[in-house]
Amino acid sequence: MKQHDAAPQPDAACSGQTAPTSGGTIARHARVVPSFMRPFVKSALPSVHGDVEAHELFNWQRQGLPSERFAAEMREVIVARRRASFDVIWSSPIGVRLTDNWHLAASGAERDDLLALTRSEGFSEAFPSMTLRQVKDVLKFPVAELLGLLARIEATYWVGQPVRARMVALAPQASPDVDIDDTFRAAVADCLNATWVQGLDIDDLRFPGVAGSALATWLARQIARPSLSGFAHELCVRLIAAHKATWAQELEDLLRHALVDAGLRPDHAGLRRRRELFLGRFGGLEGATLQAMADVHDLTRERVRQICEGLLASLRARPLALPALDRLFAAAARVMPLSATAANKQLQRFLGKGVGIIAAIDFAKELGVAPTIQVVAARTSTSDGVKSIVMLDLTVEPSTWMRVALSEARRDCTFVGCTNFIRIAGILAIKEGVAQDEATLRSLFERAPGFRMLDAESGWFTLIDSDISAAAARMRKLMSVAIGSVEIDAVISALVTDDAWFYREGAGRGLAMPPLHVMTALIAGWDWLTANGHNKYAPKAAVARDALSPTEATIVSIIEEHGGAATRTEVAARLVVPSGVSNMAVSVALSSSPAIQKLEHSIYAIRGRPIPAQGLIDARRRREVEVGRNAPLEVAVDLTRPYRFSVTQSASKVSLRRQVVYLPKFLFGKVYGTFAHKGEHFPPINIKANSQQFFSLALAANMAGVAPGDRFDLVIDMPNQRYEIIPAEATLPPRS
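Definitions and cut-offs
- Residues numbered from 1 in each chain as written.
- Predicted model: local features only at pLDDT ≥ 70, side-chain atom pairs only at ≥ 80, totals over all residues.
- Heavy atoms only, no water.
- Disulfide = S-S within 2.5 Å.
- Buried < 20%, exposed > 50% of the residue type's maximum accessible area, 1.4 Å probe, protein only.
- Salt bridge = Lys/Arg side-chain N within 4 Å of Asp/Glu carboxyl O.
- Helix = DSSP H or I, 4+ residues; strand = E, 2+ residues; numbered from the N terminus.
- Contact = heavy atoms within 4.5 Å.
- pLDDT = per-residue confidence, 0-100.
- Arc of directions from axis to C-beta.

A. Expanded view of the state of the cysteines. Counted by the stated rule, this structure contains 0 disulfides. You can see Cys-236 has no disulfide; the closest cysteine sulfur is in Cys-191, sitting 8.5 Å from it. Its relative accessible area of 1% is what places Cys-236 among the buried residues.

B. Local environment of the pattern of salt bridges. Counted according to the given criterion, the structure contains 22 salt bridges. Across the pair Asp-253 and Arg-206 runs a salt bridge, and its minimum N-O distance is 2.8 Å. One end of the pair, Asp-253, is in helix H12 (residues 247-261); the other, Arg-206, is in the loop between helix H9 (195-198) and helix H10 (215-222), and 47 residues separate them in sequence. You can call Arg-206 buried: its relative accessible area is 1%. Taking the shortest distance from any N to any O, the salt bridge between Asp-638 and Arg-641 comes out at 3.6 Å. Assessed through its relative accessible area of 54%, Arg-641 is described here as exposed. Each of Arg-206, Glu-250, Asp-253 and Arg-256 takes part in one network of salt bridges that share partners.

C. Region of the structure containing unusual backbone geometry. Phi is positive for Glu-680, close to 60 degrees, though the residue is something other than glycine. Note on placement: Glu-680 falls in the loop between strand E16 (673-677) and strand E17 (685-687). With a phi close to 75 degrees, Ser-696 is a non-glycine residue in the positive phi region. Structurally, Ser-696 is set in the loop between strand E18 (693-695) and helix H30 (697-703).

D. Seen up close, the environment of Leu-279. Inspection of the secondary structure puts Leu-279 in helix H13 (residues 271-282). Given the relative accessible area of 22%, Leu-279 is considered partly exposed. Through-space distance from the C-alpha of Leu-279 to that of Leu-251 is 8.0 Å; in sequence the pair is 28 residues apart. If near-sequence neighbours (up to four positions away) are discounted, Leu-279 is found in contact with Leu-251, Glu-252, Leu-255 and Gly-284.

E. Up close: the confidence of the model for the protein chain. Across the protein chain, the average pLDDT comes to 80, with 85% of residues at 70 or higher. Per-element mean pLDDT across the protein chain ranges from 39 in helix H1 (residues 10-14) up to 94 in E16. Confidence drops under pLDDT 50 across residues 1-25; counting only partners more than four residues distant or on other chains, this segment forms 42 contacts. Between residues 503-507, whose pLDDT stays under 50, and residues either more than four places distant or in other chains, the model counts 4 contacts.

F. View of helix H25 (residues 516-524). All buried positions along H25 are accounted for by Val-518, Met-519, Leu-522 and Ile-523. Along H25, the residues classed as buried sweep out an arc of 135 degrees about the axis, all on the same side. Contacts from the buried residues of H25 go to strand E6 (452-455), strand E7 (460-462), helix H23 (470-481), helix H24 (488-496), strand E9 (529-531) and strand E10 (536-539).

See the structure below:
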């Protein structure tokens, strides 16, 4: 026959009086839902421990209070049943008081959020009369979690004194007293001061309270005596062992209590098999699957699941302290993220013999404990798409350094083709504020696609995309114009002319330049190149000219037309006006292209080819003609009267008012000021004393009919601050 409901009404619960009792035993609040929910829970709640009647939620008579996992499962059932008619519950007052000890029932974010609200004037007094909807809107918790918080707060004043809990897995038979010394007493006191012991629930499975008192309080009184009872001494020994236990030792102790709590005697026929199944499932480095355990023991997969689940149910049904597992996760959180292999090595003293971090994570999940560590897949981009690298990381606020490290390494490999651990560690220290050693970084990158160590001693390595990096692209450009094989010195010279490898102000962080032997190891991995013993490289198949940009291809053809060497003026004459390329773009192409080599000032050749002696001589003569009238000697410059010199009209695409014409270098600092046009047909021009840029001269030259990129003569009258524009004489066509 079902027991009659002995639960008090909500208003009685809020009065702080002791709850009614049944059979002389003090009733206890099950900490599942607050008492205002009683009218809405009408039928029994199914559970692994049998049906739980509604009245039991506020008059708990079973052995031990429900664990958090067990209570959460019952709350989910209650909420699911009332989901279609929850409106009346939303509008019900919660009837829960915030007593002086309410914070003992909350933790983490929920305590912080509620504590901040209690500082508001009148909030604590108004709290009991608030509706569930109002409380949820303020705290913003999921409804099942909110009901659990309210139930735990209500339970702090629901019962006058706790019920004496039993000691599980202990045999408190009459044992002789044991004398203790100060060393033993200090060891016990150290345990009693530990946070996990202070927080033990009075119904904890392994360390419940004694004689209605919390374990820490009861033992503190016992060790003050010169001797302990055999029961108390054994309890102290177990407590010290648990305080120092590894996870492997704690798992064994948990299994022992689970077997006893499940009612299995030491001589039970299936005891040994249950131990082997449980430890095989949740022990080891990663834990065995149900199917693997079934195959070993010649059982069905479902039977293995039932046995393991039965033992887990015994552990879930009661509050359970897990100090070794907590220490393991706390230590792991300080070194995460790591690979599982690296984590097992670093956490060996917390794990114990024969177990691994992944198995511990799986056990915590099965038990209903939220682990602070999780198995994650760090994602990295490659030319073939996004790849995943399996690692261990934090579950709450996971570290971002793995993503940053992979991103930075790929950035370097995209440009240079390789990078090194020291560089990545420095970037992480600056950007993420974390310090990782080489072993940790290597455990991450070894799992990245295409990882290849180039120099183990200095930590240089490459990833999958090095063959399509900017360095490889520049190598292809060089090989498209080179004749025969190219020496490593010429290759390195061609690569480092890319100014993206160097830091430029305003362009962000630069790149790390690898030493020669590292570049040799990198290039050796590119299968489209062949090398001989003298560090000379040649393509295995001809590289097409389309590897060059249009500007580079035009420059190469101009140099070829001029016998292997051409001046900058000759290059600009073909590119600036006819092709619409700016002077700046011409300068960039000449200075940074791996296919073009600078021989002398303003004279260029093709890299990877022999320098043509006659071509260089001819280019020098043409250059002398180009600068003959533009670079007079210092003694020939007389600015006391009008002085005539040549300049080049701007070919920029910006508006004329923003275009500038450059003063020749030999006049720098000598010509400055604002000049009016001699005939007053054009606008004034100006130039600063520390500048080479004439402002408004491009506009005046355009009005005088000078085309973009054309040269013209400028007459400057410094004493009178006047100027005059004279079109340059037409150059004679070249003789055939």
